[in-house]
Amino acid sequence: MRRPRLRVSAEVARLPLVSDRPDDPDLARIFAELRRQGREPSNLYRTLGHAPRMLSAWVGMAWPLRSEPSAPRALRELTIMRAAQLTDAEYEWAHHWRMALASGVPEAKLLALAGWRSSDLFEAAERAALAYTEGIIANEVGDDVFEEVRRRFPPDEVIELTVTAGFYAGVARVLRALRVDLEPGYEAEAQALRA
């Protein structure tokens, strides 16, 4: 299978970034929590910050998806990375590259992800989750794909994998619609996708 090629956008972001030191109390709370976690507000959050209540709802979904599920984080990161490939979301790919590595996904798997079906690097459970992710992105999950996921994962993890793939497909669409610029310092991660 040929690796999808993501575009490095020369287009300008459609909205300016909000201040990383906002006056809005909801936005200030979210940015303070990010800093408590050792992160600065990303361009995505600084774009969504134009609507602080929407950003609050966003992180209310995104943060638990990253930290609370019982499905292994590495498996979920593989599904997020595959969703980023399939939706042409360079920003999502670049940001989650580091998260995937930190969760234990070997770089070789990330580099082989587009051709996972013919690679011997992926275990059966990963293959089931990746096929499921592809079906979710295509909005067409076949019964055979779902049965394989249901056979390999308990119901709570099926839901977690479903919501993760669906949410990150939505993230890609938001990023692309708003043309959120990738921050400096992520060039190598973006390049890994284009290699």
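Residues numbered from 1 in each chain as written. Predicted model: local features only at pLDDT ≥ 70, side-chain atom pairs only at ≥ 80, totals over all residues. Heavy atoms only, no water.

Digging into the confidence of the model for the protein
Right, on to step 1. Confidence along the protein averages 92 in pLDDT terms, with 94% of residues attaining 70 or more.
Right, on to step 2. Overall, residues 1–9 carries pLDDT values under 50, and its contacts beyond four positions in sequence, including any with other chains, amount to 32 contacts. (pLDDT = per-residue confidence, 0-100. Contact = heavy atoms within 4.5 Å.)

Section: unusual backbone geometry
Both trends apply: most residues other than glycine have a negative phi, and most peptide bonds are in trans.
Right, on to step 1. Although it is not a glycine, Asn-139 sits at a positive phi angle of roughly 60 degrees.
Right, on to step 2. Positive phi values are uncommon outside glycine, yet Arg-179 reaches one of about 55 degrees.
Right, on to step 3. With respect to the helices and strands, the residue Arg-179 is situated in the loop between α9 (155–178) and α10 (187–194).
Right, on to step 4. By relative accessible area, Arg-179 is classed as partly exposed at 25%. (Helix = DSSP H or I, 4+ residues; strand = E, 2+ residues; numbered from the N terminus. Buried < 20%, exposed > 50% of the residue type's maximum accessible area, 1.4 Å probe, protein only.)

With respect to the packing of aromatic side chains
Right, on to step 1. A complete count under the given rule lists 5 aromatic pairs for this structure.
Right, on to step 2. Taking the centre distance of 6.4 Å and the plane angle of 45 degrees together, the rings of Tyr-45 and Trp-63 count as tilted. In this pair, Tyr-45 sits in helix α2 (residues 43–48) while Trp-63 sits in helix α3 (residues 52–67), placing the two residues 18 residues apart along the sequence. Here Tyr-45 matches Trp-63 in class, with each residue buried.
Right, on to step 3. Chaining the aromatic ring pairs together yields one cluster made of Trp-58, Phe-167 and Tyr-168.
Right, on to step 4. Over the aromatic face of Tyr-186 sits the side chain of Arg-98, whose NZ or CZ is 4.2 Å from the ring centroid. (Phe/Tyr/Trp six-rings, centres within 6.5 Å; stacked < 30°, edge-to-face > 60°. Lys NZ or Arg CZ within 6 Å of the ring centre and 35° of its normal.)

Notes on the packing of α3 against α9
Helix packing for two helices is described by the angle between their axes and how far apart those axes are.
Right, on to step 1. The N-to-C vectors of α3 and α9 enclose an angle of 130 degrees; their axes lie 11 Å apart at closest approach. Of the possible angle classes, the one that applies to α3 and α9 is oblique. In this structure, α3 crosses over α9, and the sense of that crossing is left-handed. Counted together, Trp-58, Met-61, Ala-62, Leu-65 and Arg-66 of α3 and Val-163, Thr-164, Phe-167, Tyr-168, Val-171 and Val-174 of α9 form the full contact between these two elements.
Right, on to step 2. Along the lines of polarity and charge, the residues of the contact of α3 with α9 split into 9 nonpolar, 1 polar and 1 charged. (Axes fitted to C-alpha atoms, helices over the stretch in contact; angles between N-to-C directions. Parallel < 35°, antiparallel > 145°, perpendicular 65-115°, else oblique. Left-handed = near helix turned anticlockwise from the far one by under 90°. Nonpolar A, V, L, I, M, F, W, Y, C, P; charged D, E, K, R; others polar.)

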